Amino acid sequence: IRTLSSTLLAAQASQGVQAIVKVVLTKTASTTYTYTSTRLIGIDHEERADSQTTILSLDNSDAVLTAIDLKGYMATLSHGATTSAGAEYDAVAPLYVINQEFEDVRPPGKNVCKLSCIGIPNLLAMDRASAAYVPLATNTDTVKTILSAIFGAAMAVFSHCPDYTVAAGTLVYDSEDSLIDSFKPV
């Protein structure tokens, strides 16, 4: 659940809302690109609990994006408004660029860079273990320990997968019971 500031909430409820949008593309701390409505010309975004997909259309008429390979970047898409406190944004769930393509559109000379992005649930659906995971009878790992190792790419059979705790910070459960902390599958 998202929590908006009182000024952003008020701006969104007003009739004369001045909507703004931005995307921050990050590969490493030192490799970041931020684009606003001056370059971001289209967003096709769908967000559900089990899937997040987005196609971002960026104006590439100046050919600046042609030399930048954005595949693999984390995309933080934020919607917002100009409020009494200035520009305020609210970010959607983290997305990852899985494809980048360029197309010429009318008028002639107008070039668009399209970024296809998916969220963590979509990436998880594509992840596969590199081998079978069969815990030994002496294994003391709980379900919570195993899930944390999978999502953090710390389990050997999932070490080739992304570390999802980097984007999310830590693994957060919407609710926990004694089973997740005590059950040890073998």
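Thresholds applied
- Residues numbered from 1 in each chain as written.
- Predicted model: local features only at pLDDT ≥ 70, side-chain atom pairs only at ≥ 80, totals over all residues.
- Heavy atoms only, no water.
- Helix = DSSP H or I, 4+ residues; strand = E, 2+ residues; numbered from the N terminus.
- Polar contact = N/O pair within 3.5 Å; in protein donor to acceptor, adjacent residues only side chain to side chain.
- Pairing = 2+ DSSP bridges.
- Buried < 20%, exposed > 50% of the residue type's maximum accessible area, 1.4 Å probe, protein only.
- Contact = heavy atoms within 4.5 Å.
- Core = buried A, V, L, I, M, F, W, Y, C linked by side-chain atoms within 4.5 Å.
- Phe/Tyr/Trp six-rings, centres within 6.5 Å; stacked < 30°, edge-to-face > 60°.
- Lys NZ or Arg CZ within 6 Å of the ring centre and 35° of its normal.
- pLDDT = per-residue confidence, 0-100.

### Let's talk about the side chain of Arg39
Here is step 1: As for its placement among the helices and strands, Arg39 is situated in the loop between strand S2 (31-36) and strand S3 (40-48).
Here is step 2: Among the polar contacts made by the side chain of Arg39, one reaches the main-chain carbonyl oxygen of Asp59 at a distance of 2.6 Å.

### A few points about the pairing of S2
Here is step 1: Pairing geometry for strand S1 (residues 19-28) and S2, over six bridges, is antiparallel. Residue pairing for S2: Leu25 is matched across the bridge by Tyr33.
Here is step 2: The hairpin formed by S1 and S2 contains two residues between the paired strands.

### Regarding the environment of Asp59
Here is step 1: Within the element layout of this structure, Asp59 appears in strand S4 (residues 51-59).
Here is step 2: For Asp59, a relative accessible area of 17% translates into the label buried.
Here is step 3: When the C-alpha atoms of Asp59 and Asp69 are compared, they prove to be 15 Å apart, with 10 residues separating the residues in sequence.
Here is step 4: Once you skip the residues sitting within four places of it in the chain, Asp59 turns out to touch Arg39, Ile41, Leu65, Lys110 and Asn111.
Here is step 5: Of note is the side chain of Asp59, whose polar atom sits 2.7 Å from the side chain of Ser61.

### Re the nonpolar core
Here is step 1: Core analysis: the biggest nonpolar cluster contains 19 residues, and Val23, Leu25 and Leu115 have the highest contact counts within it.
Here is step 2: Mapped onto this core, the elements with two or more residues apiece are S1, S4, strand S5 (74-83), strand S7 (95-105) and strand S8 (110-119).
Here is step 3: Contact partners of Leu25, with chain neighbours within four places excluded, come to Thr31, Thr32, Tyr33, Tyr35, Leu70, Tyr73, Met74, Ala75, Val97 and Leu115.
Here is step 4: Residues Ala149, Met155, Val157 and Phe158 belong to the second largest nonpolar core, which totals six residues.

### Comments concerning the environment of Asp44
Here is step 1: Mapping Asp44 onto the fold places it in strand S3.
Here is step 2: By relative accessible area, which is 53% here, Asp44 ends up exposed.
Here is step 3: Each C-alpha atom of the pair Asp44 and Thr54 lies 5.4 Å from the other, and the pair is 10 residues apart in sequence.
Here is step 4: Beyond its immediate sequence surroundings of up to four residues, Asp44 is in contact with Thr53, Thr54 and Ile55.

### Thoughts on the packing of aromatic side chains
Two aromatic rings are characterised by how far apart their centres lie and by the angle between their planes.
Here is step 1: Considering all chains together, one arrives at two aromatic pairs under this definition.
Here is step 2: Each ring, one from Tyr33 and one from Tyr35, has its centre 6.4 Å from the other, and the planes form 5°; the classification is stacked.
Here is step 3: Since its relative accessible area comes to 9%, Tyr35 is described here as buried.
Here is step 4: Over the ring of Tyr89 we find Lys22, and its NZ or CZ is 4.5 Å from the ring centre.

### Side note on the confidence of the model for the protein
Here is step 1: The share of residues in the protein with pLDDT of 70 or more is 97%, and the mean pLDDT across the chain is 88.
Here is step 2: At the level of individual helices and strands, the protein shows its lowest average pLDDT in helix H4 (residues 164-168), which scores 67, and its highest in S4, which scores 96.

### Describing the side chain of Gln100
Here is step 1: Locating Gln100 in the fold gives a position in strand S7.
Here is step 2: Looking at Gln100, its side chain comes within polar contact range of the main-chain nitrogen of Leu70, at 2.7 Å.
Here is step 3: Ignoring anything within four residues of it in the chain, the contact list for Gln100 reads Leu65, Ile68, Asp69, Leu70, Lys71, Cys113, Lys114 and Leu115.

### Some thoughts on the pairing of S5
Here is step 1: Where S1 and S5 come together, eight bridges link them in antiparallel fashion. Across the sheet, residue Lys22 finds its bridge partner in S5, namely Ser78.
Here is step 2: Sheet topology note: the S5/S7 ladder contains two bridges and is antiparallel. Of the residues in S7, the one forming a bridge with Met74 is Tyr96.

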